[in-house]
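# Coordinate analysis (summary)
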Amino acid sequence: MKTIAVINQKGGTGKTTTAVNLAAGFARRGYWTLLVDLDPQSSAAHSFGLDPSQAPATLSKAILEDRPLVEAIRTTNTEGVEVVLGGPELATLELRIKNPLTAVRVLSRLLAPVRPAYDLCVLDAPPALSLMFTNALSAADGLVVPVTPSFLSAKGLEALFTTIDEARADLAIAPDLIGILMTMVDRRQCLDKEVETSLREVFGEKVLSQVIRMNVRIKEAPGHFRSIFAHAPNSAGAEDYDAVAAEVLARMNLPQQAPAPSTEEDPHADGLTPELRPAPAEPVSHEAHREGEDTAAHAPAALAG
Ligand SMILES: Nc1ncnc2c1ncn2[C@@H]1O[C@H](COP(=O)(O)OP(=O)(O)OP(=O)(O)O)[C@@H](O)[C@H]1O
Ligand SMILES: [Mg+2]
């Protein structure tokens with residue numbers, strides 16, 4: 001299992017949107033993906049209609065009560081995507097954790113037993129230099145850094161890279177930068193074009209060639225508890241996130257697999273309130289579907305090599 005942290009200490013740069021839709025994009029390409037919600041706001045879980053505040057098991061409880069992480073995993077309405085519920089208690093974890101010395105690697109330790117069950121793991125990091133932010137850095141093999149096309153976002157990148165360098169030195173970790181991802185881009189705006197040009201000048205190949213355009217369908221999708229591929233498969237948002245999933249796989253030297261066709265857009269989508277939608281909150285039985293399998297066995301034949 002390779003772990004990708006979607007990370008930026010700046011708020012509102014499209015981290016959760018990217019984590020959710022990258023996870024769905026990887027799953028469409030045959031990669032069984034675990035999405036881990038590290039933000040006490042629980043936006044990633046909410047994007048699939050899951051409510052950690054009511055859940056008996058969460059990542060926070062696994063950490064505080066020393067319980068197995070598998071209890072906090074839920075299936076979603078997207079085949080191939082399962083979610084680790086973080087829980088609102090993540091906000092106060094620093095104050096309650098028993099062993100602060102090992103706390104920066106607790107996520108990595110908890111993930112270890114579930115690694116054989118997934119091909120990829122996507123971490124949705126919180127927008128603050130919290131314990132879970134550090135845990136995302138220490139558990140990740142690679143980083144995807146979403147950034148919006150504004151002057152301040154570009155400045156924030158310098159601070160982020162300093163933080164990452166410090167963490168590398170302090171924790172002796174070495175996550176690769178997979179790429180900086182420009183999100184919410186409107187190339188009709190002069191500022192957006194200018195920021196994109198200057199980011200590419202400064203960071204060169206570190207900036208993913210694919211950008212995510214500003215697209216209202218992307219913004220709507222969490223309200224329908226679906227990824228962009230299920231909500232609006234023919235939208236610019238689905239096209240962009242699919243291309244980013246492919247570019248990230250390529251940068252990680254993972255085999256490309258043609259995406260499975262998206263399901264048709266639900267014509268009744270707008271008519272259903274969240275209460276009427278079935279919440280896919282079944283705990284995952286790993287014994288039932290994956291125990292003993294290694295990573296390649298789950299991937300399509302083309303991926304298994
Ligand atoms: N490409 C896009 N087009 C339009 N709206 C978008 C796009 N990407 C994200 N958004 C919207 O921007 C807002 C912020 O996105 P998101 O929640 O993913 O950011 P975040 O970095 O996770 O925020 P936080 O720092 O609070 O965790 C959300 O309302 C989201 O729906
Ligand atoms: Mg978020």
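Along each chain, residues carry numbers from 1 onward, in the same order as the chain's sequence is written. By the order in which they are written, chains take letters starting at A while ligands take numbers starting at 1. pLDDT decides what is reported in this predicted model: residues at 70 or higher carry local features, side-chain atom pairs at 80 or more are listed and counted, and totals for whole chains, interfaces and linings draw on all residues regardless.

What the chain contains, in helices and strands, is 14 helices and 7 strands. Residue burial in the chain is summarised as follows: out of 305 residues, 44% are buried. Nonlocal contacts in the chain, meaning residues at least 24 apart in sequence, comprise 79% of its contacts between residues at least 6 apart. A helix here means a DSSP run of H or I that spans at least four residues, while a strand means a run of E at least two residues long, and both kinds are numbered starting from the N terminus. Exposure classification rests on a simple neighbour count of other C-beta atoms within 10 Å of a residue's own: a residue reaching 20 or more is buried, one at 12 or fewer is exposed, and one in between is partly exposed. C-beta atoms are placed from the backbone. Whether two residues are in contact depends on their C-beta atoms, placed from the backbone: they are in contact if these lie within 7 Å.

Nearness here has a simple definition: the residue's C-beta atom, placed using the backbone, must lie within 6 Å of the molecule or strand. Lining the immediate environment of ligand 1, one finds 17 residues, of which G11, K15, T16, T17 and P127 sit closest. Mapped by element, the contributors of at least two residues to the shell around ligand 1 are α1 (15–28) and α9 (216–220). Among the elements that make up the shell around ligand 1, the one with the highest residue count is α1 (3 residues). Split by residue class, the shell around ligand 1 holds 5 nonpolar, 9 polar and 3 charged. Residue classes follow a fixed rule: Ala, Val, Leu, Ile, Met, Phe, Trp, Tyr, Cys and Pro count as nonpolar, while Asp, Glu, Lys and Arg count as charged, and any other residue, Gly among them, counts as polar.

Another point: the sheet that holds strand β1 (residues 2–6). At least two DSSP bridges between two strands are needed for those strands to be called paired. Read across the sheet, 7 strands follow the order β3-β4-β2-β5-β1-β6-β7 without closing on themselves; strand pairing throughout is mixed. Looking along the sheet, the strands with just one partner apiece sit at the ends: β3 (73–75) and β7 (176–182). The average undirected angle you get between the axes of adjacent strands in this sheet is 25°. In this structure, β3 lies alongside strand β4 (residues 81–84), joined through 3 bridges in antiparallel fashion. To get an axis, a line is fitted to the C-alpha atoms, and for a helix only the part in contact is used. The angle between two axes follows their N-to-C directions and goes from 0 to 180 degrees.

Turning to the packing of α1 against helix α11 (residues 236–251), a few remarks are in order. Orientation of α1 relative to α11, taken along the N-to-C sense of each, is 70°, at an axis distance of 9 Å. Between α1 and α11, the crossing angle belongs to the class labelled roughly perpendicular. Counting all contacts with α1, which are made through N21, L22, G25 and F26, the residues of α11 involved are Y241, D242, V244, A245 and V248. Residues of the contact of α1 with α11, tallied by class, amount to 6 nonpolar, 2 polar and 1 charged. If an angle is under 35 degrees, it is roughly parallel; if it is over 145, roughly antiparallel; if it lies from 65 to 115, roughly perpendicular; otherwise it is oblique.

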